[in-house]
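# Architecture at a glance
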Amino acid sequence: MRTVLKHSSTPDAIEQAARIIKDGGLVAFPTETVYGLGGNALCSAACAKIYAAKGRPSDNPLISHISDAAQLAELVSHVPAKAQKLIDAFWPGPLTIIFPCKNTPGQTIGIRMPQNPVALALITHAGVPIAAPSANISGRPSPTTAAHVLTDLDGKVDMILDGGMCQHGLESTVIDCTVEPPTILRPGSVTKEMIEAHIGPVNVTTEAGADEAPKAPGMKYKHYAPQAVLTVVRGRAEDVRTAITRLAKDSTAKSVGIMATSSYEGFTTLLMGNTTEEIAAGLFALLRKCDEMGLAEVFVEGVDEAGLGAAIMNRLEKAAAYNIVEV
């Protein structure tokens with residue numbers, strides 16, 4: 001398969017991509033979160049292609065992306081009252097809601113209406129819901145540019161729509177509205193505090209048991225990881241800086257890097273940004289840069305877990321395989 005890369009702003013690119021989806025092929029496309037690897041959600045063969053292209057575990061669920069309420073009605077048996085409040089508040093946007101599935105009683109389905117105009121146009125022109133996990137090899141950092149997608153999936157996807165860099169840089173928040181109280185399964189740009197302002201208290205459960213089928217992506221398997229050994233250091237800012245300096249000096253790795261908000265003299269520093277929004281938007285690109293630079297070990301400054309910080313730390317902890325140092 002030869003992967004075609006096209007700029008997403010041209011109408012013919014959207015039409016060509018929509019035809020590929022209708023014909024059971026795969027298209028990588030931009031959303032406001034990360035690039036998605038899309039296939040017809042109603043076609044089992046297309047979904048199987050997604051799993052094969054990514055090397056994704058078969059029990060790791062796919063999120064379906066829709067462009068209107070009619071597509072939602074095709075997929076869910078009913079919309080719980082709290083889910084409707086979240087739809088009204090955050091759709092289109094970076095929020096995935098778990099609903100009761102229409103066609104398989106007792107099962108659930110994750111659905112999102114993306115905000116990115118390219119994503120919405122593609123879904124609308126295809127005329128079907130599009131199943132789309134992140135467009136990367138399973139376990140790798142998620143892609144936030146078309147170049148990232150091409151690195152991982154060249155020859156495994158029919159077309160990549162290049163829409164530039166993604167706005168948020170972290171995958172959507174996932175909330176299960178089939179349980180009471182609703183439960184956040186994956187934190188994201190729509191924070192716990194934002195959700196609770198609309199529907200009241202929610203639980204947070206971001207891990208699935210070893211023998212449990214996860215309801216959302218990212219709950220069970222190693223995710224977002226670079227080739228480098230990653231260590232996250234968290235605590236008071238001054239203590240974190242002291243600890244990382246010591247750990248970097250003591251490291252026996254052939255090449256060491258530090259991901260931080262300011263430079264560390266004498267060490268290769270990858271600057272993360274100064275706000276949680278900046279850190280989130282650039283996080284996966286920095287993790288990929290660790291590999292591009294050939295770093296063998298990387299120490300990362302943790303962030304405060306309030307608001308968007310919870311999503312950032314969720315991704316860092318998984319990328320580091322929970323190799324966390326508390327200071």
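Structure: see above.
Residues numbered from 1 in each chain as written. Predicted model: local features only at pLDDT ≥ 70, side-chain atom pairs only at ≥ 80, totals over all residues. Heavy atoms only, no water.

### Side note on the overall build of the chain
We apply this condition: Helix and strand assignments follow DSSP, with helices taken as H or I runs no shorter than four residues and strands as E runs no shorter than two, numbered in order from the N terminus. The globule rule is 2.2 Å times the number of residues to the power 0.38, and the radius of gyration it is compared with is taken over C-alpha atoms. The rule is simple: take the accessible area with a 1.4 Å probe, protein chains only, and divide by the maximum for that residue type; under 20% is buried, over 50% is exposed, in between is partly exposed. Should any heavy atoms of two residues lie within 4.5 Å, those residues are counted as being in contact. A positive count includes Lys and Arg, and a negative count includes Asp and Glu. His and the chain ends are not counted in either. In this description, the location of a charge corresponds to atom NZ of lysine, CZ of arginine, CG of aspartate or CD of glutamate.
Within the chain one finds 10 helices and 16 strands. In terms of overall size, the chain behaves like a compact globule, its C-alpha atoms giving a radius of gyration of 20 Å where 327 residues would be expected to give roughly 20 Å. Taken over the C-alpha atoms alone, the chain extends approximately 55 × 50 × 35 Å along its principal axes. In the chain, which comprises 327 residues, the share counted as buried stands at 55%. Long-range contacts, defined here as pairs at least 24 residues apart, represent 66% of the contacts in the chain between residues at least 6 apart. For the chain, the distance from the average position of its 28 positive side-chain charges to the average position of its 34 negative side-chain charges is 4 Å.

### So, the sheet that holds strand 12 (residues 229–234)
Here is the rule we go by: In this analysis, strands are considered paired if DSSP registers two or more bridges between them. Only the stretch in contact is used when a helix axis is fitted, and all axes are lines through C-alpha atoms; the angle between N-to-C directions ranges over 0 to 180 degrees.
Read from one edge of the open sheet, five strands run 14-13-15-12-16, paired in parallel fashion. Bordering the open sheet on either side are strand 14 (268–271) and strand 16 (324–326), each of which pairs with just one other strand. Averaged over all pairs of adjacent strands, the angle between their axes in this sheet comes to 25°, without regard to strand direction. Here strand 13 (residues 256–260) runs beside strand 14; their pairing, made up of four bridges, is parallel.

### Examining the pairing of strand 15 (residues 297–301)
Of all the five residues making up strand 15, five are buried; the element is thus mostly covered by neighbouring parts of the structure. On strand 15, burial covers both faces: Glu 297, Phe 299 and Glu 301 on one face and Val 298 and Val 300 on the other are all buried. When strand 12 meets strand 15, the two strands line up parallel, connected through five bridges. Bridge pairing in strand 15 places Thr 231 opposite Phe 299.

### Some details on the side chain of His 168
Stated formally: As used in this structure description, the phrase polar contact means that two N or O atoms lie within 3.5 Å; if the pair is within protein, one of them must be able to donate a hydrogen and the other to accept it, and residues adjacent in sequence are counted only when both atoms belong to side chains.
Considering the arrangement of structural elements, one finds His 168 in the loop between strand 8 (159–162) and strand 9 (173–176). Residue class for His 168 comes out buried when judged on its relative accessible area of 19%. At 3.4 Å, the side chain of His 168 and the side chain of Ser 189 are in polar contact. When neighbours within four sequence positions are excluded, His 168 is seen to be in contact with Glu 32, Thr 33, Pro 94, Ser 189, Ala 280 and Ala 281.

### Structural notes on helix 6 (residues 146–153)
Stated precisely, the cut-off is as follows: This arc is built from the directions going out from the helix axis to the C-beta atoms.
Along helix 6, the residues that are buried comprise Ala 146, His 148, Val 149, Asp 152 and Leu 153. Projection of helix 6 onto a plane perpendicular to its axis shows the buried side chains occupying an angular sector of 155°, all on one side. Close packing links the buried residues of helix 6 with strand 1 (4–7), strand 2 (27–29), strand 3 (36–40), helix 2 (44–54), strand 8 and helix 9 (276–292). Directly beyond the C-terminal end of helix 6, a positive phi value near 85° is found at Gly 155.

### Focus on the pairing of strand 8
Relative to strand 8, strand 1 runs parallel, the two being bridged by four bridges. Within the sheet, the bridge partner assigned to Leu 5 lies in strand 8 and is Ile 160. Summarising the sheet, strand 2 and strand 8 pair through two bridges and their orientation is parallel. Across the sheet, Ala 28 pairs through a bridge with Ile 160, a residue of strand 8.

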